[in-house]
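# Tertiary structure, described
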Amino acid sequence: MITYIALLRSINVGGRTVTMERLRGLFTELGLEGVRSYIQTGNVFFTAEEHPAGSPERAALTRRIEAHLAESLGYPVPVMLRTVEEIEAVLAAEPFKDVEVTPDLRLTLNFLSEPLPADFALPHTSPKGDYEVLGADPGTAYVVIHLQNGKWKSTGNLFGPSFQGSATSRFLHTTAKIVAAARKA
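Residues numbered from 1 in each chain as written. Predicted model: local features only at pLDDT ≥ 70, side-chain atom pairs only at ≥ 80, totals over all residues. Heavy atoms only, no water.

### Some thoughts on the sheet that holds strand β7 (residues 131–137)
Taken together, the 5 strands give an open sheet; going across it, the order is β6-β7-β8-β5-β9, and neighbouring strands pair in antiparallel fashion. Every other strand in the sheet has two partners, leaving β6 (124–125) and β9 (167–171) as the edge strands with one partner each. As judged from the 2 bridges shared by β6 and β7, these two strands associate in the antiparallel manner. Paired with Thr 125 across the strands is Glu 132, a residue of β7. Most of the contacts of helix α3 (residues 84–92) go to strand β5 (residues 105–112), to which it runs at about 145°, and overall it touches β5, β7 and β8 (140–146). Against the sheet, helix α4 (residues 172–183) engages β5 and β9, with an angle of about 90° to β9. (Pairing = 2+ DSSP bridges. Helix = DSSP H or I, 4+ residues; strand = E, 2+ residues; numbered from the N terminus. Contact = heavy atoms within 4.5 Å. Axes fitted to C-alpha atoms, helices over the stretch in contact; angles between N-to-C directions.)

Rendered as structure tokens:
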């Protein structure tokens, strides 16, 4: 058994609200064990049999969770399923180590349902200059958000029209807190 972190997209944004108690209940209904959640943005921890990233078994577990959430909540909820160790490895790689942090920057990890397309050249700066995709591994893109007038203006697909997958972002500092919370018994 291993601890998974389900990073959910579209939870408690855009008028779609669900309590964490309800969300934990939905995961428990699937027979998952040790279900816990962290903050209101859709971070759910549970234990289950370990399946390697990219394996058919992990994909099936992800689809099972997504189908149950969609049926229960009435809207699709993309799920990016990672182990604690996988996210720790992303953090340990320090993908933003060369970025000079200023008050107008936000460092985000965008967890992907599939790798970025081969035709998406990295690094990539948006035409408006409001974000930069510095790099990526098969499951995560490293994105710097440039606030404009103190606001995050970037919305939609940051990875171009050939990216057909889903993504959910977490601030770098929040991701570290998510991992720490998942490690607690």
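### So, helix α1 (residues 20–29)
Structurally, the α-helix is built with 3.6 residues per turn, so residues lying three or four positions apart point the same way. Restricting attention to buried positions, one finds in α1 the residues Met 20, Leu 23, Leu 26 and Phe 27. All buried residues of α1 fall inside an arc of 115° around its axis, so they share one side. Exposed residues lying more than 90 degrees from the buried face of α1 are Glu 21 and Glu 29. Among the structural elements, β1 (2–8), β2 (33–38), β3 (43–48) and α2 (56–73) are those in contact with the buried residues of α1. Where α1 terminates, the next one or two residues include Gly 31, which has phi positive at roughly 85°. (Buried < 20%, exposed > 50% of the residue type's maximum accessible area, 1.4 Å probe, protein only. Arc of directions from axis to C-beta.)

### Regarding unusual backbone geometry
Here the amide bond leading from Leu 122 into Pro 123 is cis, since omega sits at -5°, within 30 degrees of zero. Tracing the sequence through the fold places Pro 123 in the loop between β5 and β6. Positive phi values are uncommon outside glycine, yet Asn 12 reaches one of about 60°. Note on placement: Asn 12 falls in the loop between β1 and α1. The class for Asn 12 is partly exposed, based on a relative accessible area of 25%.

### Digging into the packing of α3 against α4
Running from N to C, α3 and α4 cross one another at 145°; their axes reach a closest spacing of 10 Å. Seen from above, α3 lies across α4 with left-handed handedness. Across the interface between the two elements, Val 84, Glu 85, Ile 87, Glu 88 and Leu 91 of α3 pack against Leu 172, Thr 175, Ala 176, Val 179, Ala 182 and Arg 183 of α4. (Left-handed = near helix turned anticlockwise from the far one by under 90°.)

### Some points on the environment of Lys 151
You can see Lys 151 is positioned in the loop between β8 and β9. Taking the C-alpha atoms as reference, Lys 151 lies 25 Å from Leu 122; in sequence the two are 29 residues apart.

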